[in-house]
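# Structure assessment
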Amino acid sequence: MKKRGLVWFKNDLRLLDNEALTKAQEECADLIFCFCYEKKWFKELELGFKNMDAVRLKFLQQSILSLKKELEDIGGHLIIGTESAIDTIPALIKDYGVTDVYAEEEYASYELDLVSKIMQASADVKFHFFWGKTLYHKDDIPFSISKIPLTSKAYRIPAGREAKPRVIFEKPTKLKSVPGIKSGKNPPYKDFGFAKEEYESAVPFVAGGEDKALERLEYYTFKSELLTGYRWSRNKSDGLDYSSKFSPYLALGCLSARVIYEKVQAYEAEVKKNQSTWWLVFELVWRDYFTFKSIRFGNSVFSSDGYKNKKLTWENDTQKFERWCKGNTGIPFIDAHMRQLNKTGFMSNRGRVNCASYLVYDLKINWTWGAYYFESKLIDYDVSSNWMNWHMQAFEIWYTNPVHQSNKYKAQNFIREWIPELSAKNNVEVLIPWEFDISDYPKPIEVYKKWDRAIKLIKEIAT
Ligand code: FAD
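Residues numbered from 1 in each chain as written. Predicted model: local features only at pLDDT ≥ 70, side-chain atom pairs only at ≥ 80, totals over all residues. Heavy atoms only, no water.

What follows covers the packing of aromatic side chains. All chains considered together, the criterion is met by 42 aromatic pairs. Ring centres of F374 and W390 lie 5.0 Å apart, and the angle between their planes is 75°; on these two criteria the pair is classed as edge-to-face. Separated by 16 residues along the polypeptide, F374 in helix α15 (residues 367-377) and W390 in helix α16 (residues 383-395) bring together distant segments of the chain. Here the two residues F374 and W390 agree in accessibility, since each one is buried. (Phe/Tyr/Trp six-rings, centres within 6.5 Å; stacked < 30°, edge-to-face > 60°. Helix = DSSP H or I, 4+ residues; strand = E, 2+ residues; numbered from the N terminus. Buried < 20%, exposed > 50% of the residue type's maximum accessible area, 1.4 Å probe, protein only.)

So this is what it looks like as structure tokens:
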């Protein structure tokens, strides 16, 4: 019997290095292509915001539009489900007589549950899943998931020694599409409960889509050679160039970690091999580690007590939490980063570390509230990277002093850009405005004694 395949795109919105797509092309007589929105992503949480906010939606819509165009350019189409895959996939299977479904393999509980319900509803169909998220394939690392080490070093060294990234899958040049199927449209933002102003004011930090991802990869490597200085610039916060900005593309699978790796290898051969090129790959291995570790610990990584089941005490002042979310704490280094996140869906790693530490250790607010907020906003939201990083901030990493860090990383221009109330202030005022008579920027929730030394140091710049 001839096979008719359905390629179900999820967090693999790309044609290059997409094993599910490649295998479907090889094994089936013809194919249908589909992506499904889940209305549940836009559910309002008890904390007062949606699971997925407008800026994330916009980035996703851009990525889907790009995928649709790429598929159409080589004879395909993209059906877009608007409610849930639970409705769309079984209906497509029935309407088109699909025999086989091809998709990326999931690992987090919500997605696994969704897949399992769809499989139950489509008992006569064969499902094929392919692991595609990480740099090293899940089956190639020298650990079983239940034995993933508790420290990154214990994972990284053996994994680097014994595993190699697999060869990438080429982009198809002509698709075996079932003829006559028209592509769908992105549902309007109103369908997901967003107001016009909310949607229009969201401006993703980078534009979504595989085309944009590959452009960015070329730019950060061969075009600008910024990669050569990555090791020394990666801790900054200001602008597009200090770090790669690959994370939003990795999160939606517009780009695979293996494609980045291959580019870095070529760069090392043709331009420069140094600590920076090593470090970028090292970061991808971190991402792998968090993915595998989150599989090992399952839903306990979402719990306040964490996977070690350790009770921490919180004050959970909701007004303070709201000030943190809005970027109105009165601490410029925190507020600038939070305002950038709210508008663009992106924040540097330095910003994430500081905002998380401030929430957990200064405001004494349950770390999971912060993780949910980041989940709502980050265009690079990735279940394991977000929750494992927050988990680490809450349970393993010590305090980060946001006043000291604003001075150390010379954040003055970044703060002026994101806090208009401080845009005309000098290099000292902009870091510690509460020490001066500045009326239109919020007074800090609290100025802690532990910041005294950093404040003194900043004042010394002026003398
Ligand atoms: P680069 O510095 O250019 O790094 C290259 C790539 O390495 C990144 O794109 C990313 O895929 C990976 N990487 C780098 N640092 C980390 C890290 N600490 N953990 C996992 N992967 C890493 N990253 C996400 O991709 N999604 C998230 O939801 C997310 N939430 C975070 C929450 C907190 C509280 C913290 C402290 C960090 C979080 N990170 C998350 C990790 C990190 O901040 C971002 O990956 C990074 O800032 C993205 O910018 P970039 O692509 O320019 O990174």
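There is more to say, and it comes next.
Before going further, it helps to spend a moment on the site of the ligand. Around the ligand there are 25 residues in total, and Y230, S243, S244, K245 and N349 lie nearest to it. Side-chain polar atom of S243 to an oxygen atom of the ligand: 2.5 Å apart, as the coordinates give it. N386 places a side-chain nitrogen or oxygen 3.3 Å from a nitrogen atom of the ligand. Elements that contribute at least two residues to the shell around the ligand include exactly α9 (247-251), α11 (275-297), α14 (349-362) and α16. If you tally residues by element for the shell around the ligand, the top one is α11, at five residues. Of the residues assigned to the shell around the ligand, the class counts are twelve nonpolar, seven polar and six charged. (Near = heavy atom within 4 Å. Polar contact = N/O pair within 3.5 Å; in protein donor to acceptor, adjacent residues only side chain to side chain. Nonpolar A, V, L, I, M, F, W, Y, C, P; charged D, E, K, R; others polar.)

In this section: the pairing of strand β5 (residues 126-130). Every regular strand shows the same layout, with side chains that alternate between the two sheet faces. Where strand β4 (residues 100-104) meets β5, five bridges bridge the pair, whose relative direction is parallel. By the bridge assignment for β5, D100 is matched with K126. A crossover links β4 with its parallel partner β5, the connecting element being helix α4 (residues 109-121), and its sense is right-handed. (Pairing = 2+ DSSP bridges. Right-handed = clockwise from strand over helix to strand, strands pointing away.)

Here we come to unusual backbone geometry. In the Ramachandran plot, D17 falls in the positive-phi region, its phi being about 55° despite a non-glycine side chain. Following the sequence through the fold, D17 ends up in the loop between β1 (4-9) and α1 (19-27). At K245, a residue that is not glycine, the phi angle is positive and equals roughly 60°. By the secondary structure assignment, K245 is in the loop between α8 (230-233) and α9. Given a relative accessible area of 2%, K245 falls into the buried group.

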